[in-house]
Amino acid sequence: MAKSKKSVKSTKSAKKKIGTTTAAEEQKVTGVLRIGQAMLSQDNDKYVEVVKGDERCWISASDAVSRDGWITAKERLRQNNILVISEQTTRQCKSLLEDADATGRGLVAKQPGWVDDEVYVHPDGTIQKREDDDRIVLVDFVRQTMFDERGSVEEWKNRMAPFLKADPVLSFVMAFALMGLIVPKLPNQLENPMMELVGERELGKTTVAVAVGSMFGGSTKSGLGVIRSANMTLNAFRQIHRQHSDSTLLLDETNVATPQVKENLNVVFDAAAGLDKARFGDSGRKAPIRGCVLMTGNMPLEDHGRTPPDIREAARTRLITIKMKHPLFRRLPDGFDRREEAIGSLLTLVREQHGTISRALIEEIIKDEQQFLEELQRRAFKFEKRIDPLQTKVLNRVIRVFALCYATGRMAANRGILPETNVWSRTLKAFRQYAYDLQVTRTSPSKRALLGALKKFEPEVARIDKTKRNKKRQTAEAWMYIDTEESVLFLTSSAAKRWFGDELSKIKRELRAEGVLQGEKGKSPKPSIKAPKCVPFDGRVYRFSI
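Throughout this document, residue positions are counted from 1 along each chain, in the order its sequence is written. At least 70 in pLDDT is required for a residue's local features to be given in this predicted model, at least 80 for side-chain atom pairs to be given and counted, and no such filter applies to totals for whole chains, interfaces and linings, which use all residues. As a rule here, side-chain values come from all non-hydrogen atoms in the structure, and water together with hydrogens is ignored.

**Remarks on the pairing of strand β19 (residues 540-545)**
Any residue under 20% of the maximum accessible area for its type is buried, any over 50% is exposed, and the rest in between are partly exposed; the area is computed with a 1.4 Å probe on protein chains only. We count a stretch as a helix when DSSP gives it H or I for four or more residues in a row; a strand needs E for two or more, and each element gets its number in order from the N terminus. Of all six residues making up β19, five are buried, and the element is well covered by its neighbours. Strand pairing is assigned whenever DSSP identifies at least 2 bridges connecting the two strands. Where strand β17 (residues 487-491) lies against β19, four bridges are found, and the strand directions are antiparallel. Bridge pairing in β19 places Leu-491 opposite Tyr-542. Bridge count between strand β18 (residues 529-530) and β19: two bridges; the pairing is antiparallel. Within β19, the position partnered with Lys-530 by the bridge is Arg-540.

**Quick look at the sheet that holds strand β8 (residues 127-129)**
Taken in spatial order, the three strands of this open sheet run β6-β7-β8, and their pairing is antiparallel. A strand with exactly one partner marks an edge of an open sheet, and here the two such strands are β6 (113-116) and β8. Taking the axes of each pair of neighbouring strands and ignoring which way they run, one obtains an average angle of 25 degrees across the sheet. Strand contacts of helix α13 (residues 356-367): β6, β7 (119-121) and β8, with the helix running at about 30 degrees to β8, the strand carrying the most contacts. Axes, fitted as lines to C-alpha atoms, cover a helix only where it is in contact. Angles between the N-to-C directions of the axes lie from 0 to 180 degrees. Residues count as neighbours in contact if any of their non-hydrogen atoms are within 4.5 Å of one another.

**Concerning the sheet that holds strand β15 (residues 462-463)**
Pairing in this open sheet of five strands is mixed, and the strands run β15-β16-β17-β19-β18 from one edge to the other. Two strands close off the open sheet at either side, each with one partner strand: β15 and β18. Relative to β17, strand β16 (residues 478-482) is paired through five bridges, and the arrangement is antiparallel. Opposite Met-480, over in β17, you have Leu-489 as the bridge partner.

**Section: unusual backbone geometry**
Glycine aside, residues mostly have negative phi, and peptide bonds are mostly found in the trans state. One non-glycine residue with positive phi stands out, namely Asn-44, at about 65 degrees. Within the secondary structure layout, Asn-44 lies in the loop between β1 (34-40) and β2 (46-52). The phi torsion at Glu-202 lies on the positive side, around 70 degrees, for a residue other than glycine. Topologically, Glu-202 is positioned in the loop between β10 (194-198) and α7 (205-213).

Here it is as structure tokens:
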């Protein structure tokens, strides 16, 4: 059916209303563009204040050179109610940027974090500096409103105190996250500390991350606050990591991360280094990303990996895995009768109170940075002296992270920023548990099977003395001696079949390659040996060095 003239006319009218803004309409919005001030940044980039009526917006003059830069500049102007659409207005704006003479200097934050020793810019654009610092500070990145400030330090601290006292993991992880504000100040900390909190579902890992995130920001609407999903590509991770520079990036559920991120473990090395990938045509170099990364997941990231053992071991030295073995608030906080009630109250708290703790710590750093860092190093060194790297088999740089975690938590409590808890014992306990879990992780599946079978069949194992000849025949089929040098287990073939079942051949092959199963030597060695004199048996046995 053909359209009537009336309907055609109304359609044209509708198109006119929703079409591109005309030059006249644009001029009505933009008014007369003029320049307010112009200055040079700390990197000698010229920044110009574009003014239209009562609206003002700082943009970089270099953005007018490239196509992508100009798109960014126009979007920033639009956010400040200054429209630049037509060719005429575009030429006018670019001409103003080109002709503006810089009359002073200021600081420009191209990403969140420390712009200067005593100036910090939060992801929401909030600027913290000394009261007597009159330098102009410009924010040249997209602001994230989730990192705003709501409530007070005292209110957050008083309401959070029972939760931190009840759960050691929560208080330890909070100290680690606060460390992200301090790491950029430590020249000897070459890599960004990373931690993953792993455990079975429904233990409360995400709740811990949400509570930790409340120190930096939050939302009255979103229950997750400032934490991000780990479901992202590696390129997206790099961009998001930069948005959390000089702070702590919180990623939830590494189980949903893309294969490129988790299978190759690239995210570990990328985050630890904090450097952008170079691309063809790059002439400049972006500032490195400093701070911490905290992730949650059901299983360690390395268990997703499909990388050689050497790469996996290198990743372990950069990513600290904390295994959450008990539900959050297994011990109920004071004033609560049920775990669900405590968790609900905690989530209500972080929606109503957030963003104050990070600002309080930054204020302490700005007040006297040298004194703050000297105390931090002194306390960290005290913790490091307590740990023996040779005994724990943990690298010094990992021990250093735990030491800085203790120092940060202790100093935050002393300054009334975090509730008072036993920071020393909790950090030490977390480290010892980590060291133990690390040894278990480094143990091969076959050796874990051997240790598991030994624990299961321990009542059957007869104790012997390797220095004495044992002539007395025993009914046992498993013997063991323990001395200062090693512990050795001897098994008959029938006992080995009973202990390991169908996996026996595989376990023997792998344990022999690792040097745990010590058989005969020679051209055609057997995995078993003749029973030594200390073993009351006449046949052949398997010798396992535990």
